[in-house]
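Fold and contact review
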Amino acid sequence: MSASPSQQQPTKRPLNVLQRSLNRKVAVRLKSEIEYRGRMTNVDSYMNLILNDAEEFDGNDLMANYGKVVIRGNNVLFIKLEKEF
Amino acid sequence: MSASPSQQQPTKRPLNVLQRSLNRKVAVRLKSEIEYRGRMTNVDSYMNLILNDAEEFDGNDLMANYGKVVIRGNNVLFIKLEKEF
Amino acid sequence: MSASPSQQQPTKRPLNVLQRSLNRKVAVRLKSEIEYRGRMTNVDSYMNLILNDAEEFDGNDLMANYGKVVIRGNNVLFIKLEKEF
Amino acid sequence: MSASPSQQQPTKRPLNVLQRSLNRKVAVRLKSEIEYRGRMTNVDSYMNLILNDAEEFDGNDLMANYGKVVIRGNNVLFIKLEKEF
Amino acid sequence: MSASPSQQQPTKRPLNVLQRSLNRKVAVRLKSEIEYRGRMTNVDSYMNLILNDAEEFDGNDLMANYGKVVIRGNNVLFIKLEKEF
Amino acid sequence: MSASPSQQQPTKRPLNVLQRSLNRKVAVRLKSEIEYRGRMTNVDSYMNLILNDAEEFDGNDLMANYGKVVIRGNNVLFIKLEKEF
Amino acid sequence: MSASPSQQQPTKRPLNVLQRSLNRKVAVRLKSEIEYRGRMTNVDSYMNLILNDAEEFDGNDLMANYGKVVIRGNNVLFIKLEKEF
């Protein structure tokens, strides 16, 4: 039988999967299509997140290095996990 | 007689139908018109969702392979279920 | 005398009228002006809805057939009921 | 003395004025500047509304006839009442 | 000492100032830069408002007369009070 | 030690700093990049605010004088305080 | 084991990291791609924030000096911390 959202196990929700990827390298694509790659040291339920050693990419071109960046979650299009960058 | 939204059976709601499609291949069209196809391993009530073995399509053209991707629900236009891709 | 929104009968609200149109063919116009036609098998209070045998139209041109589609409600411009398509 | 919003009489609020216009012909301008005219048979507190015998206008040009249409409130720019169309 | 928002007197809030301007002529600029002028007979806490004898202006050009108009508050850019129009 | 948002003193929050600038001249930049300058006589927690003797600027060019203006907070980009205009 | 968002320590959340950067120089990129740099003297849970001695940059070009600025959080794309500017 199918569970309603409120009956889901907490560990099953997308945001909990993000939590389990803390301290790994991820790539965050924003709505502007610009991508930020770095080690995700922090993320909350709005997808507000912190990247350490953040790099800005436009397509495959490295545009800038930013150190530690706090990204506001409402700008996020998607987050790539588990891939080599 | 017609039921009000709060009287609906949980299993009748669109988001519960999504829950029942977990682990199947789906295609997610974003507002940007770019489409992501993969196995949906996770979805919540905002349509935040996780695709495994995600492929990016622009129309019929495969643009990239992404591994595991967390898509923020507010970008979703629609999700295609039950069709061969 | 005029009733306040909270005093309305549940069956009077627009979303309840949508509920009563379940399993009928509808046309859903999105903000992108693209239109999706199909049998509405599911709808909730955000106008998240499911179309079976969905067809995509750009104006009068059939663009694609999609099978079963879950449309995220915040993209909906309007839904046409009770007309032959 | 001036009343705070919560002290207003329910019958004074804009949405209650809309309720009192049920079953009259109105014109609904959307953010896209397209206008829909018809008999408003239903409206809720988000300005989700239903038009019967809906006509679509682009400026003064009649573009289409739609029968019964459910318009999602967040697309509404304004609603014209009490005027001949 | 400075008061927190919740400690403010109700009559000090911007929306209460709007309430005190009921039945006066105002000019409502929308995000589309189109302006509507008329007697504001109703306004709520979302800036949903009703204008009687509404006139539509594009810059200084009168474009149309609309009678009674219900404007959805989320489209409002600003409202001009206390000026001759 | 760092305080969580809910542990902050009310007088430390950005919106309380705005409250303390009441009756001073400010410049309000909107998302449209148009700027409004005037004496801020009222502001609430959404940054809805009232300017008296409001002037509209496009860059350094004075475009119009508006008297008393109620600006809807969701259009605000930023507010400049403590500078001569 | 992975903690759900509500089980996180308050000091682990992105917004608390922002709190710990108070009184340091930061760079705030807005959705318009314009960047504001200054000493962040205040920030709340919506990323509403105050910059002292704010400078406006378009790319690497200094466009203007603004003194004290209150930025509305919903315009923020990201905030750069821990880097020399």
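Each chain carries its own residue numbering, running from 1 in the direction its sequence is written. Starting at A for chains and at 1 for ligands, labels are handed out in the order in which the entities are written. Reporting in this predicted model follows two pLDDT cut-offs: at least 70 for local features of residues, and 80 or more for side-chain atom pairs to be given and counted; totals over whole chains, interfaces and linings ignore these cut-offs and use all residues. Processing note: side-chain calculations cover all non-hydrogen atoms of the structure and skip hydrogens and water entirely.

1. Looking at the overall build of chain A
Which entries qualify depends on this criterion: Numbering of helices and strands runs from the N terminus; a helix is a DSSP stretch of H or I covering at least four residues, while a strand is a stretch of E covering at least two. Under the scheme applied here, a residue whose accessible area is under 20% of the maximum for its type counts as buried, over 50% as exposed, and between as partly exposed, the area being computed with a 1.4 Å probe on protein chains only.
Across its full length, chain A holds one helix and five strands. Element order for chain A, N to C, with α for helix and β for strand: α-β-β-β-β-β. A buried classification covers 56% of the 85 residues belonging to chain A.

2. Structural notes on the pattern of salt bridges
Formally: Every case where a carboxyl oxygen of Asp or Glu lies within 4 Å of a side-chain nitrogen of Lys or Arg is listed as a salt bridge.
Across all of its chains, the model carries 42 salt bridges over all chains by this definition. Among the salt bridges present, the one from Glu55 of chain C reaches Lys25 of chain C, with a minimum N-O distance of 3.9 Å. Highlighted residues: Glu55 of chain C in strand E3 (residues 49–58) and Lys25 of chain C in strand E1 (residues 25–30), separated in sequence by 30 residues. Assessed through its relative accessible area of 41%, Lys25 of chain C is described here as partly exposed. Connected through shared salt-bridge partners, Arg29, Glu33, Glu35, Arg37 and Lys80 of chain A together with Glu56 of chain B make up one network.

3. Description of unusual backbone geometry
One non-glycine residue, Asn23 of chain A, lies in the positive phi region at around 70°. Turning to its location among the elements, Asn23 of chain A is positioned in the loop between helix H1 (14–20) and strand E1 (25–30). Its identity as a non-glycine residue notwithstanding, Glu33 of chain E has a phi of 75°, on the positive side. Residue class for Glu33 of chain E comes out partly exposed when judged on its relative accessible area of 34%.

4. Description of the relation of the copies chain E and chain F
Put simply, the rule reads: When the copies are superposed, the least-squares fit draws on C-alpha atoms of residues that have pLDDT of at least 70 in both. The contact criterion used is simple: two residues touch if any of their non-hydrogen atoms lie within 4.5 Å.
Relative to chain F, chain E is turned by 51° and slid 0.0 Å along the rotation axis, the superposed coordinates differing by an RMSD of 0.0 Å. An asymmetric contact is evident, with only 8% of the interface residues of chain E recurring at the interface of chain F.

5. Some details on the confidence of the model for chain A
Detail in the predicted coordinates should be disregarded across regions flagged by low pLDDT. All names here are of chain A. The test is simple: For every residue, the pLDDT score states the predictor's confidence, bounded by 0 at the bottom and 100 at the top.
On average, residues of chain A carry a pLDDT of 86, and 81% of them reach 70 or more. The model gives residues 1–11 a pLDDT under 50, and that stretch makes 21 contacts with residues more than four places away or in other chains. Across the whole predicted complex the pTM is 0.87, and at the interface the ipTM reaches 0.86.

6. Observations concerning the interface of chain A and chain B
Filter applied, for reference: What gets called buried area is simply the loss in accessible area from a 1.4 Å probe that two parts show on being joined, summed for both. In protein, a polar contact means a hydrogen-donor-capable atom and an acceptor-capable atom, both N or O and within 3.5 Å, with residues adjacent in sequence counting only if both atoms are side-chain atoms; elsewhere, any N or O pair within 3.5 Å suffices. Note on residue classes: Ala, Val, Leu, Ile, Met, Phe, Trp, Tyr, Cys and Pro are nonpolar, Asp, Glu, Lys and Arg are charged, and everything else, Gly too, is polar. Whether two strands pair depends on DSSP finding at least two bridges between them.
Counting residues at the interface gives 26 residues for chain A and 27 residues for chain B. Between chain A and chain B lies a buried interface of about 2,100 Å² when both sides are counted; carbon and sulfur atoms form 57% of it. A salt bridge links Glu56 of chain B to Arg29 of chain A; its shortest N-O distance comes to 3.8 Å. Scanning the region where chain A abuts chain B turns up eight residue pairs in polar contact (both at pLDDT 80 or more). Mapped onto the side of chain A that touches chain B, the elements with two or more residues apiece are H1 and strand E5 (76–81) of chain A. With six residues, E5 of chain A is the single largest residue contributor to the side of chain A that touches chain B. Of the residues in the side of chain A that touches chain B, the class split is 13 nonpolar, five polar and eight charged. Both E5 of chain A and strand E4 (residues 61–71) of chain B contribute to a ladder of four bridges, which runs antiparallel.

7. Thoughts on the environment of Asn48 of chain C
Positionally, Asn48 of chain C belongs in the loop between strand E2 (35–43) and E3. With ten residues separating them along the chain, Asn48 of chain C and Gly38 of chain C place their C-alpha atoms 14 Å apart. Setting aside residues no more than four positions away along its own chain, Asn48 of chain C makes contact with Pro14, Leu15 and Met47 of chain B together with Asn42, Val43, Ile71, Arg72 and Gly73 of chain C. Within the local environment of Asn48 of chain C, its side chain forms a polar contact with the backbone nitrogen of Gly73 of chain C, the two atoms lying 2.8 Å apart.

8. Observations concerning the packing of aromatic side chains
What counts here: Any pair of Phe, Tyr and Trp rings, taking the six-membered ring for Trp, is counted once the centres come within 6.5 Å. Such a pair is stacked with planes under 30 degrees apart, edge-to-face with planes over 60 apart, and tilted for the rest. Remark: a charge is flagged as sitting over a ring if the NZ atom of Lys or the CZ atom of Arg is within 6 Å of the ring centre and within 35 degrees of the ring normal.
Here the structure, examined in full by the defined rule, presents 21 aromatic pairs over all chains. Taken together, a centroid distance of 5.6 Å and an interplanar angle of 40° make the contact between Tyr66 of chain A and Phe78 of chain G tilted. One end of the pair, Tyr66 of chain A, is in strand E4 (residues 61–71); the other, Phe78 of chain G, is in strand E5 (residues 76–81), on a second chain. Comparing Tyr66 of chain A with Phe78 of chain G, the two get one shared label, buried. Three or more aromatic residues joined by ring pairs form one cluster here, namely Tyr36 and Tyr66 of chain A together with Phe78 of chain G. Over the ring of Phe57 of chain A we find Arg37 of chain A, and its NZ or CZ is 3.9 Å from the ring centre.

9. Structural notes on the interface of chain E and chain F
In this complex, chain E contributes 26 residues to the contact, which on the side of chain F involves 26 residues. Buried surface at the junction of chain E and chain F, summed over both partners, amounts to about 2,100 Å²; 57% is from carbon and sulfur atoms. At the boundary of chain E with chain F, the tally comes to eight residue pairs in polar contact (both at pLDDT 80 or more). Secondary-structure elements contributing two or more residues to the side of chain E that touches chain F are helix H1 (14–20) and strand E5 (76–81) of chain E.

10. Let's talk about the relation of the copies chain A and chain B
Take chain A, turn it by 51°, move it 0.0 Å along the axis, and it overlays chain B with an RMSD of 0.0 Å. Each copy contacts the other with its own distinct surface, as only 8% of the interface residues of chain A are interface residues in chain B too.

11. Observations regarding the pairing of strand E4 (residues 61–71) of chain E
All names here are of chain E. Relative to E4, strand E3 (residues 49–58) runs antiparallel, the two sharing eight bridges. By the bridge assignment for E4, Asp58 is matched with Asp61. Count of turn residues in the E3/E4 antiparallel hairpin: two residues, of which Gly59 carries a positive phi of about 65°.

12. Thoughts on the side chain of Arg37 of chain A
Locating Arg37 of chain A in the fold gives a position in strand E2 (residues 35–43). Side chain to side chain, Arg37 of chain A and Glu35 of chain A meet in a polar contact 3.1 Å long.

13. Some details on the environment of Gly59 of chain C
Among the secondary structure elements, Gly59 of chain C is positioned in the loop between E3 and strand E4 (61–71). Sequence separation of Gly59 of chain C and Ile34 of chain C is 25 residues, and the distance between their C-alpha atoms is 7.4 Å.

14. Topic: the environment of Met47 of chain F
Looking at where Met47 of chain F falls in the secondary structure, it is placed in the loop between strand E2 (35–43) and strand E3 (49–58). In this structure, the C-alpha to C-alpha distance between Met47 of chain F and Ile79 of chain F, residues 32 residues apart in sequence, is 9.4 Å. With residues near it in sequence (within four places) discarded, Met47 of chain F still touches Leu15, Leu18, Ile71, Gly73, Val76 and Ile79 of chain F together with Asn48, Val70, Ile71 and Arg72 of chain G.

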